[in-house]
Amino acid sequence: MISLFEIIMLLYIREARRMAEKMKNIYYTPSNPGSYGGKERFQRAIAEETVSRLGDVQVNEWLAEQDAYTLHKPVRKQFSRNIVFSTHPRSQFQADLCDMQALADENDGNRYMLTVIDVFSKIAFVRVLKNKSGAEVTRAFDSILKEGGAPKKVQTDGGVFGIKISMVKQVALAAVVVVMGCVGIIALILTLVQHHLVDLPHRMQYGMVFDAGSTHTSLYMYRWPGNKENNTGVVSQMLVCDVDGDGISSYAQDPPAAGLSLRKCLESALAAVPANQRRETPVYLGATAGMRLLQLQNPTQSDQVLEQVTKVIQGYPFDFRGARILSGMEEGAYGWITINYLQESFIKHTFEGEWVSPKGRKIWGALDMGGSSTQIAFTPGQPVQDPASALGPKLYGYQYEVYTHSYLCYGKEQAMRQLLVHLLKMSRSTRPVKHPCYHLGYNLTLTLGDLYDSPCVARPVTFDPASEVTFTGTSEPLRCLNQIKNIMNLTACSLAPACGFNGVYQPPVSGNFFAFSTYYYTFDFLGLAPQSSLSQATTTIDTFCKRTWDSLKTEYSEKDKYLRDYCASANYIMTVLLDGYKFNQTWGNIYFQRQVADTDISWTLGYMLNLTNLIPSERPLVMTGVQHGQWAAEVFFIAFAVFLSLMVLAILLLWNPRGNTTIDAITL
Ligand SMILES: Nc1ncnc2c1ncn2[C@@H]1O[C@H](COP(=O)(O)OP(=O)(O)OP(=O)(O)O)[C@@H](O)[C@H]1O
Ligand SMILES: [Mg+2]
């Protein structure tokens, strides 16, 4: 017995076959308008001939099996696409609809699937749809956003578009930006109002320099307020300690004694510098002409002397920065720096807190006469023609051109020695040797060994070092002056008239000068310091030189070890200044001074200033400060503003309030 179901099935199959036959006839009959064409035309032809319209699924399935249809379908072309860079999750979602209509009956009437994938993480979301109406798709998309968070962009077949930021997020962002703006304005106001130049209390700083001269060694200790170290004129002399005995070069035969001689002054320094600052207190030792001469005579001995002084200073708890021999040019230049620093010629720091270049830049020249060498340094009114005597220091942003020269063997002691040797030579066999610069009644006896013990004088080929020679004073100032001129060459100069003496190039002197050390000692003793007219100076010297030794001893203490030489050194000074450097027309520009601003004029201060970078090459910065409370408030508000900026960034990038992101429509 055949069942009703089987009958229905047989009828269905027969109808299906009939329809298939019919479709074949239509499609493969070239005269039929539905043949060999697209789906729409084919469907219309079937409807006309069978009076029934076949569903898309049936037609598509049948056409898909026909080679004639599939072979002529347009080929899918590869087309260029934009490269998408996705840097973090939810930067871009790709969305599409899958057509599941054919399976709708088995899927509770759900005909489509909305598929969404996060481009960065590849996490996929799927929602089923009954239809693809705008409302249905939007509902499904909202549901995906609730699960996966809102992306920045969504890519669909309809294009790429941004997701609207949720209201909550908008309000949060606006609030943070407003607060941030207020905080920034408060910080700015705090910074601009109530600021003033600060001058905070600062502890003193210390620095020391040993001036190891040819005749003696002195320790100069300086101090300055630490917060003002780049100002001019703030470094002042704190103490000077004279080392007992002669200069360190005199210890050539016993170098350890040179080191030991410094102990007394190092102990004074220990007492002067607070214990907690000793380690940071720089100490330098600079040796001058005496050691220059020893180095020429016996380099081993000069090295040994420097070694021994180094050893002793290193034994003290200071920041020792070395012992060395200065060149003559350095000695001259550092003297020049000292003077102009103390005079505040380079730059001035006003009460208003500004750095100003003093009007007209009145730069001082330096005239130094030690025991073994003499230096001149100044800024000439014309370019320095000899590069060997030119220096170009850049100080506080201004470049200077300095002429400087050091005459070795023309310090007071060595010049006096040269005079003795010259007089001895001129006297031939006359004994005692007449000395026109010594006072009548004064006699000096010394051995030839002592007289010739210097590279500054020419020794006879043979002589007995032990034999003695006596010089007897004659109080003849005119002869004295003439004999002194004989120890200098005042004529030979290739670049005449731009000359100093001994053929040395020197541009004409210009500006005011400080003359210190021997210049000062001698002129001060004669009552000619700090200034005197040229005629007053010559008269005073002449009168003094004519005096007898007895009258001098009565007036001054016989113990004044310099008494015998004042006449000679005064005449020597006049010769150097007038015949050598040619101050004839500008005598009044020379100031014979020992100190400026309570500080000794010496190369030592310039040396320390330079080595401790207390004179910057560029103009110092003016510091602006605020009170501590105000500063703290500024820091707080600025930090708060930074924090808020980070919050804005975090909200933009990371915060996706679920359920609050909305989309109005989406085209897939
Ligand atoms: N109070 C004084 N009165 C007179 N002359 C002095 C006085 N003190 C030092 N002298 C002399 O003045 C000269 C210069 O002394 P200064 O201390 O400047 O020389 P120095 O530094 O030892 O030598 P150099 O710089 O050439 O190495 C020396 O001959 C010294 O004997
Ligand atoms: Mg000196």
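Everything quoted here is computed from the prediction, not taken from an experiment.

Calculation criteria
Residues numbered from 1 in each chain as written. Chains lettered and ligands numbered in written order. Predicted model: local features only at pLDDT ≥ 70, side-chain atom pairs only at ≥ 80, totals over all residues. Heavy atoms only, no water. Helix = DSSP H or I, 4+ residues; strand = E, 2+ residues; numbered from the N terminus. Buried < 20%, exposed > 50% of the residue type's maximum accessible area, 1.4 Å probe, protein only. Polar contact = N/O pair within 3.5 Å; in protein donor to acceptor, adjacent residues only side chain to side chain. Pairing = 2+ DSSP bridges. Axes fitted to C-alpha atoms, helices over the stretch in contact; angles between N-to-C directions. Contact = heavy atoms within 4.5 Å. Phe/Tyr/Trp six-rings, centres within 6.5 Å; stacked < 30°, edge-to-face > 60°. Parallel < 35°, antiparallel > 145°, perpendicular 65-115°, else oblique. Nonpolar A, V, L, I, M, F, W, Y, C, P; charged D, E, K, R; others polar. Core = buried A, V, L, I, M, F, W, Y, C linked by side-chain atoms within 4.5 Å. UniProt positions renumbered as here; feature names shortened; annotations may be inferred. Near = heavy atom within 4 Å. Areas by Shrake-Rupley, 256 points an atom, 1.4 Å probe, with all protein chains shown as cover. Domains from an automatic or database assignment.

Digging into the side chain of Ser35
Item 1. In this structure, Ser35 sits in the loop between α1 (4-28) and α2 (39-50).
Item 2. On the basis of relative accessible area, Ser35 is assigned to the buried category, the value being 8%.
Item 3. Of note is the side chain of Ser35, whose polar atom sits 3.1 Å from the backbone oxygen of Thr29.
Item 4. A polar side-chain atom of Ser35 sits 2.8 Å from the main-chain carbonyl oxygen of Asn32.

With respect to the sheet that holds strand β22 (residues 468-473)
Item 1. Spatially, the 3 strands line up as an open sheet ordered β20-β22-β21, and their pairing is mixed. Where the open sheet ends on each side, the last strands, each with one partner, are β20 (433-435) and β21 (443-447). Taking the axes of each pair of neighbouring strands and ignoring which way they run, one obtains an average angle of 30° across the sheet.
Item 2. By the bridge criterion, 5 bridges tie β21 to β22 in an arrangement that is antiparallel. Within β22, the position partnered with Thr445 by the bridge is Thr470.
Item 3. Each of β20, β21 and β22 is contacted by helix α12 (residues 412-427), which is oriented at about 135° to β20, the strand it contacts most.

Points about the packing of aromatic side chains
Item 1. Enumeration over the complete set of coordinates arrives at 40 aromatic pairs.
Item 2. Centre to centre, the rings of Phe525 and Phe544 are 5.6 Å apart; their planes meet at 80°, and the pair counts as edge-to-face. In this pair, Phe525 is assigned in helix α15 (residues 518-525) and Phe544 in helix α16 (residues 534-546), connecting sequence segments 19 residues apart. Side by side, Phe525 and Phe544 carry an identical accessibility label, which is buried.

Concerning the packing of helix α11 (residues 328-342) against helix α19 (residues 603-611)
Item 1. Where α11 contacts α19, the axes come no closer than 7 Å and their chain directions differ by 85°. Classified by the angle their axes make, α11 and α19 are roughly perpendicular. Contact residues: α11 offers Glu331, Tyr334, Gly335, Ile337, Thr338, Tyr341 and Leu342, while α19 offers Trp603, Leu605, Gly606, Tyr607, Leu609 and Asn610.
Item 2. Of the residues in the contact of α11 with α19, the class split is 8 nonpolar, 4 polar and 1 charged.

Describing the nonpolar core
Item 1. One finds Leu367, Phe471, Tyr519, Tyr572, Leu577 and Tyr581 to be the most contacted residues of the largest nonpolar core, which totals 68 residues.
Item 2. Take this core: its biggest share by element is 10 residues, from helix α18 (residues 566-580).
Item 3. Among all residues touching Leu577, those that are not within four sequence positions of it are Leu367, Tyr519, Lys582, Phe583, Trp587, Ile590 and Phe592.
Item 4. Listed in part, the 36 residues of the second largest apolar core include Ala366, Ala377, Val402 and Leu614.

Observations concerning the environment of Cys409
Item 1. Following the sequence through the fold, Cys409 ends up in the loop between β19 (402-408) and α12.
Item 2. When the C-alpha positions of Cys409 and Gly290 are compared, they lie 9.3 Å apart, and in sequence the two are 119 residues distant.
Item 3. Those residues in contact with Cys409 that lie beyond four places of it in its chain are Leu293, Ser372, Ser373, Gln414, Ala415, Gln418 and Cys456.

Here we look at the sheet that holds strand β10 (residues 282-287)
Item 1. Strands sit in the order β9-β8-β7-β10-β11 across an open sheet of 5 strands; the sheet is mixed. Looking at strand neighbours, the two that pair on one side only are β9 (236-242) and β11 (319-325), the edges of this open sheet. The mean inter-strand angle of the sheet, taken between neighbouring strand axes irrespective of direction, is 15°.
Item 2. Two elements, strand β8 (residues 217-225) and β9, share 6 bridges in a ladder whose sense is antiparallel. For Leu219, the partnering residue across the bridge sits in β9 and is Cys241.
Item 3. Along the sheet, helix α8 (residues 263-272) makes contact with β7 (204-212), β8 and β9, crossing β9 at roughly 145°.

Remarks on the pairing of β22
Item 1. Note: β20 against β22, 3 bridges, orientation parallel. Residue pairing in the sheet places Val433 in a bridge with Phe471 of β22.

Considering the UniProt feature "transmembrane region" (unreviewed entry) in the protein
Item 1. As recorded in UniProt, the feature "transmembrane region" (unreviewed entry) lies at residues 171-193 and 631-655.
Item 2. As annotated, residues 631-655 has a helix share of 92% and a strand share of 0%, and its two end C-alpha atoms lie 34 Å apart.

Notes on the site of ligand 1
Item 1. Taken together, 19 residues surround ligand 1, and among them Ser214, Thr215, His216, Thr288 and Glu413 come closest.
Item 2. Between an oxygen atom of ligand 1 and a main-chain N or O atom of Gly371, the distance comes to 2.9 Å.
Item 3. The side chain of Tyr562 places a nitrogen or oxygen atom 3.3 Å from a nitrogen atom of ligand 1.
Item 4. Protein coverage of the free-state accessible area of ligand 1, which is 630 Å², stands at 86%.
Item 5. Secondary structure elements with two or more residues in the shell around ligand 1: α12 and α15.
Item 6. Per-class residue counts for the shell around ligand 1 are 5 nonpolar, 11 polar and 3 charged.
Item 7. Split by domain, the residues of the shell around ligand 1 number at least three in each of domain 4 (204-363 + 596-611) and domain 5 (412-593).

Things to note about the side chain of Thr472
Item 1. Tracing the backbone through its elements, the reader meets Thr472 in strand β22.
Item 2. Engagement of the side chain of Thr472 in a polar contact is seen with the side chain of Asn443, the distance being 2.7 Å.

Observations concerning the UniProt feature "binding site: ATP" (unreviewed entry) in the protein
Item 1. The positions that UniProt labels "binding site: ATP" (unreviewed entry) are, in the present scheme, Gly371, Ser372, Ser373, Thr374 and Gln375.
Item 2. Along the polypeptide, Ser372 turns up in the loop between β14 (365-369) and β15 (373-378).
Item 3. For Ser372, the residues in contact, after removing those within four places along its chain, are Ser214, Ala289, Gly290, Leu293, Tyr407, Leu408, Cys409, Tyr410, Gly411 and Gln414.
Item 4. A polar contact of 3.2 Å, which involves the side chain of Ser372, links it to the side chain of Ser214.
Item 5. With respect to the element layout, Gln375 can be found in strand β15.
Item 6. Classification of Gln375 as buried rests on a relative accessible area of 2%.
Item 7. Those residues in contact with Gln375 that sit more than four places away from it in its chain are Gly328, Glu331, Gly332, Ala366, Leu367, Asp368, His405, Ser406 and Tyr581.

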